[in-house]
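Secondary and tertiary structure notes
In case you want the letters, here they are:
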Amino acid sequence: MRVIRCVNYGEPRTLAVEEAPEPVPGPGEVLLAVEAAGLGYVDALFVRGTYQVKLPLPFVPGSEVAGTIEAVGEGLPGELIGNRVMALLSRGALAEKLVLPAAMCSTIPDEMSAEAAAGFLVSYCTALYGFENCGKLQPGETVLVLGAAGGVGMAAIDVAKAMGARVIAAASSAEKRAAAKAHGADEVLDYSDPEWRKALDALTGKRGVNVVYDPVGGAYSETAFRCLAPGGRHLVVGFANGEIPKLPLNLALLKRASLVGVDWGGEIRANPKANIPLMKKLTQWVVEGKIHPEPTATFPLEQAGNVLQGLLERKSIGKPVIQVNA
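This text gives an overview of the structure that appears in the document. If you're wondering where the values come from, they're calculated on a predicted model, not measured in any experiment.

Digging into the overall build of the protein
Helices and strands together make up the secondary structure of the protein, namely 11 helices and 15 strands. For 326 residues, the compact-globule estimate of 2.2 N^0.38 gives 20 Å, and the protein sits close to it at 20 Å. Structurally, the protein occupies a C-alpha span of about 60 × 40 × 35 Å along its principal axes. Residues counted as buried form 50% of the 326 residues belonging to the protein. Taking all contacts inside the protein whose residues are at least 6 apart in sequence as the whole, residues at least 24 apart take part in 70%.

A closer look at helix α10 (residues 275–288)
The end-to-end C-alpha distance of α10, which contains 14 residues, comes to 20 Å, matching closely the 20 Å that a straight helix rising 1.5 Å per residue would cover. Within α10 the residues assigned to the buried category are N275, L278, M279, L282, T283, W285 and V286. One side of α10 carries all its buried residues, which in axial view fall inside an arc of 155°. The exposed set on the far side of α10, more than 90 degrees from its buried face, consists of I276, P277 and K280. Within two residues after α10, G289 carries a phi angle of roughly 75°, on the positive side.

Thoughts on the pairing of strand β4 (residues 64–72)
Relative to β4, strand β3 (residues 29–38) is paired through eight bridges, and the arrangement is antiparallel. Across the sheet, the residue bridging to V30 is V72, located in β4. Direction of pairing for β4 relative to strand β5 (residues 84–88): antiparallel, over a ladder of five bridges. Paired with T68 across the two strands is R84, which belongs to β5.

What counts and how
Residues numbered from 1 in each chain as written. Predicted model: local features only at pLDDT ≥ 70, side-chain atom pairs only at ≥ 80, totals over all residues. Heavy atoms only, no water. Helix = DSSP H or I, 4+ residues; strand = E, 2+ residues; numbered from the N terminus. Rg over C-alpha atoms; globule rule 2.2 N^0.38 Å. Buried < 20%, exposed > 50% of the residue type's maximum accessible area, 1.4 Å probe, protein only. Contact = heavy atoms within 4.5 Å. Expected span 1.5 Å × (residues − 1). Arc of directions from axis to C-beta. Pairing = 2+ DSSP bridges.

So, to be careful, I would describe these as geometric facts and stop short of saying anything about function.
So this is what it looks like as structure tokens:
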């Protein structure tokens, strides 16, 4: 089978397709014929070796996968063969086939393509967990999404709109702002402009925003926090900017505002059952057409390294998905 393997930490652009033996499922495992793999910023950091947890070499990158069960290991019913499923792993998605525990698989609704499913789990579950559990978002509230044209930001726009919010999307280029607008944002602004707070004030009538969804960090975070309305909630999702911000805590006091960490992965590791209602709601929204997780771009397996490099360099728009068995 064809596979992308990381044998040395370094720039993702150096990754290439190799041949590898086909895996065999063990007890409780399934063999998945991979159709699509979703890639994220963390996958690129794993390849570079700069994430806080290093994957042991060699490894196959890619943590989100969708495909069809082709074979089952001992102890599993044959009826599972042919089921379309998606799963979240630490590695392994950039391969034509992989084995994983059956318990890690979730059924893909008929209304969802493999490409949509491959980029669904991390971004959408994080968004719903962030807005519903952490941010207590209410219909009619205003949300500011930073880094709105990335895969995380696009999912946040989609979920916030499904929850009845008004969404202001912040992105650094005209192309990215157009993509965020096309994905459902009510308003867009250029947060690479040093005076972007004035643009936000104009959009909110100086009333501020109720919730900030922040996967970016850096200097943008303090400005965004200052733009919160009284009682607002700033959701800390990540630091794609590469800089962990330091906020003056008197701002939280003066605004009666909250700074809330959104760690969906940590939540489900501590309480696995917590993800059941999230997934049930999200898949139902897909069926009802309330959210639209189709990727903005798909790429062949041979381009996976360049796609990961683009994520590191913040050139990507939307959630990039690799078509493995097109």
